[in-house]
Each structure stands twice: as C-alpha cells, then as structure tokens.
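Residue-level structural notes
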Amino acid sequence: MSEFKYHRPSGFPPIIKNLIIINVLVWVAQLIYDKEYNLTSKLALWPVKFPQFEPYQIATHMFAHGDVLHIFFNMFSLYLFGRMLENLWGPKRFLFFYLACGIGAAALHMLIQYIRFDQIIEQTNAAAMAGDEQEVVRLLRQIGPALGASGAIMGVVIAFAYLFPNTEFTGMFLPITIKAKWLALIWVAGDLFGGISNTSEDNIAHFAHLGGAITGFIIVYIWNKTNRKTLY
C-alpha cells in the first residue's frame, strides 16, 4: 500500500543536501590523498574475482567519483530529480530508496562482470598475444573497477519519471523540450545498447545504471501500486 505523507516542500531537502556534501568531501579527499593512499582504488567496486575486491566497496563506490564532470553531472542530476521525491516521501524513505538503488546497481554490475570475466580474460590474452593494445584496453575496461553515484541516481530518475512523467525539461542535455518519461527512456535505452553491444568505449558501467533503474522501478511500483494516478 502506498504510504505517501505530506512533507513541507523544500528547495534543498536534507538528504539531498547531505548526500551532495558527502560526495563532494569524498571527491576532495580523493584529490588530496589518492597518490599517497591509493584512495580511489580502495573505494571503487572491483570484480569479485579480483584480489582488490572488498565487500565494503558495494557501499563506498557510490560516494567516489572520477573527474569534475563526473561528480558535477551526478550531483546535478541528484538535485534535479531527487528533491521532489524527497519532498514527497520524506527523508527516511528517500534515503532508503537511494541506497537500495545503489546496492541494486552494484549487484547487477557485479553479476554481469562475474559471468563475463573468464571470457574477457581469454579475449584479453589473445589480443595481447596479437599485439592489439587498443583491444586489450577496451576489454579490460569491461572488468575494471566501478565508481560513482550514477547507478543510484538512475533509480531516482526512473522513480521521478514514473511519478511525474509529463514534467518537461528544456535544454536538459538536449536542445529540445522533453518530458521526463521520454528522457528516462532514452537514458535506459542508451545503457541497454551500451551494455549489450560491448562496443562502447565510454568507460561507463552501463549495467550498474540498469541495475539502479530496475531496482528503482520495482520499489516505486510496489510503493505506488495502489495509486494508479500519476502526480503530474
């Protein structure tokens, strides 16, 4: 049963604010301490077959990022789509949702890497023997460490599109006005193509995005299953 309660609207609700602060602080710590302590590698999510893998990385990878564009895009998206959800659900429910989507993203990412691992290693060895360095790099990216809040944020985007499907965005990464439902569909379709094709060289963990999206959809569907009306 849906248990949505009224919460006073806030332009910058507390969980969104604190998540952004934590992510920025971790990123700054990476800049300062990475060379000395190899911090990014320790926080990132490694494949379970790698000796660098630690269970805590399922949580820590959500708060570490790469370059400035990586963290800016993620935090901007979290603010843009997440604040309305937190205002609707309240801080506790939104935090649970966000973390669950991040864990769901990690789970699917790890599963796909585990399934593909041996095959990719064989292909990498063959490419190395053939002297194809570019192919070696491309293959290793598929089983490299993952980091970033993108998986959790994809869950947030899907929940927003489910509840507010007709909300329009102008200039949102596209030079047109687009509704939330179509924007979410484009992102999911792009990740699905990038993940299945194995041809993408964008260094993006597409299946982590899809894991977050699937988790977010399942949760918001269950929470909202008795309410067939969209909010906007």
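Let me begin by describing the structure that accompanies this report. It should be emphasised that the depicted structure is a prediction, and the values quoted were computed from it without experimental measurement.

What follows is about the overall build of the protein. Along its length, the protein carries nine helices and two strands. A total of 232 residues make up the protein; the buried ones form 45% of that total. Here the protein has roughly 12700 Å² of accessible surface; of this, 65% comes from carbon and sulfur atoms.

The tally for this structure, following the rule as stated, stands at one salt bridge. Between Lys-49 and Asp-118 there is a salt bridge; the shortest N-O distance is 3.3 Å. Residue Lys-49 is found in the loop between helix H2 (39-43) and helix H3 (57-60), and its partner Asp-118 is found in helix H5 (residues 91-129); the two are separated by 69 residues along the sequence. Classification of Asp-118 by relative accessible area gives partly exposed; the value is 45%.

A few words on the packing of H5 against helix H9 (residues 206-223). Remark: H5 packs on H9, axes separated minimally by 7 Å, with the N-to-C direction vectors making an angle of 140 degrees. Considering the angle they form, H5 stands oblique to H9. Considering how the two elements wind past one another, H5 and H9 form a crossing that is right-handed. Along its contact with H5, which presents Arg-93, Phe-96, Phe-97, Ala-100, Cys-101, Gly-104, Ala-105, Leu-108, His-109, Ile-112 and Arg-116, the element H9 presents Phe-207, Ala-208, Leu-210, Gly-211, Gly-212, Ile-214, Thr-215, Gly-216, Ile-219, Val-220 and Trp-223.

Right, let's talk about helix H6 (residues 133-141) for a bit. Among all positions in H6, only Val-136, Arg-138 and Leu-139 are buried. End-on view of H6: buried residues confined to an arc of 165 degrees, all on one side of the axis. Residues Glu-133 and Gln-134 are exposed on H6 and point more than 90 degrees away from its buried face. On its buried side, H6 packs onto H5.

What follows covers the packing of helix H8 (residues 180-197) against H9. Packing of H8 against H9 leaves a shortest axis separation of 8 Å and a crossing angle of 135 degrees. The orientation of H8 with respect to H9, classified from their angle, is oblique. When you trace H8 past H9, the crossing you get is left-handed. On the side of H8, the interface is formed by Val-188, Gly-190, Asp-191, Leu-192, Gly-194, Gly-195 and Ile-196, while H9 contributes His-206, Phe-207, His-209, Leu-210 and Ala-213. Considered class by class, the residues forming the contact of H8 with H9 number six nonpolar, five polar and one charged.

So, on to the nonpolar core. Among soluble globular proteins, nonpolar side chains are generally buried collectively. Of all hydrophobic cores here, the largest spans 45 residues; its most connected members are Leu-78, Phe-81, Leu-85, Trp-89, Phe-94, Phe-97 and Tyr-98. Among the elements of the structure, helix H1 (14-37), helix H4 (68-89), H5, helix H7 (150-163), H8 and H9 are those that each provide at least two residues to this core. Considering each element in turn, this core owes the most residues, ten residues, to H7.

For Asn-38, which is not glycine, the phi dihedral falls at a positive 55 degrees. On the secondary structure map, Asn-38 appears in the loop between H1 and H2. Residue classification places Asn-38 among the partly exposed positions, given a relative accessible area of 43%.

Next up on the list: a nonpolar patch on the surface. A cluster of nonpolar side chains, namely Val-24, Val-28, Leu-31, Ile-32, Tyr-33 and Tyr-37, defines an oily patch on the protein surface of about 560 Å² accessible area. Structurally, the position occupied by Val-28 is in helix H1.

Let us look at the packing of aromatic side chains. The description of two aromatic rings rests on the distance between their centres and on the angle between their planes. A complete count under the given rule lists 18 aromatic pairs for this structure. Seen in terms of ring centroids, Phe-81 and Phe-169 are 5.3 Å apart; in terms of plane orientation they differ by 55 degrees. Their pairing is tilted. Of this pair, Phe-81 sits in helix H4 while Phe-169 sits in strand S1 (residues 168-170); the two residues are 88 residues apart in sequence, bridging distant segments of the chain. Like Phe-169, Phe-81 is buried. Its guanidinium or amino end placed over the ring of Tyr-114, Lys-49 lies 4.6 Å from that ring's centre, counting from NZ or CZ. The lysine or arginine in question, Arg-83, covers the ring of Tyr-79, its NZ or CZ lying 4.5 Å from the ring centre.

Within the secondary structure, Ile-158 sits in helix H7. The class for Ile-158 is buried, based on a relative accessible area of 12%. The contact partners of Ile-158, leaving out residues within four places of it in the chain, are Ala-184, Val-188, Ala-213 and Phe-217.

Parameters at a glance
- Residues numbered from 1 in each chain as written.
- Predicted model: local features only at pLDDT ≥ 70, side-chain atom pairs only at ≥ 80, totals over all residues.
- Heavy atoms only, no water.
- Helix = DSSP H or I, 4+ residues; strand = E, 2+ residues; numbered from the N terminus.
- Buried < 20%, exposed > 50% of the residue type's maximum accessible area, 1.4 Å probe, protein only.
- Areas by Shrake-Rupley, 256 points an atom, 1.4 Å probe, with all protein chains shown as cover.
- Salt bridge = Lys/Arg side-chain N within 4 Å of Asp/Glu carboxyl O.
- Axes fitted to C-alpha atoms, helices over the stretch in contact; angles between N-to-C directions.
- Parallel < 35°, antiparallel > 145°, perpendicular 65-115°, else oblique.
- Left-handed = near helix turned anticlockwise from the far one by under 90°.
- Contact = heavy atoms within 4.5 Å.
- Arc of directions from axis to C-beta.
- Nonpolar A, V, L, I, M, F, W, Y, C, P; charged D, E, K, R; others polar.
- Core = buried A, V, L, I, M, F, W, Y, C linked by side-chain atoms within 4.5 Å.
- Patch = residues over 30% accessible without salt bridge, like charges linked within 9 Å, V, L, I, M, F, W, Y side chains within 5 Å.
- Phe/Tyr/Trp six-rings, centres within 6.5 Å; stacked < 30°, edge-to-face > 60°.
- Lys NZ or Arg CZ within 6 Å of the ring centre and 35° of its normal.

Geometry only, nothing functional implied.
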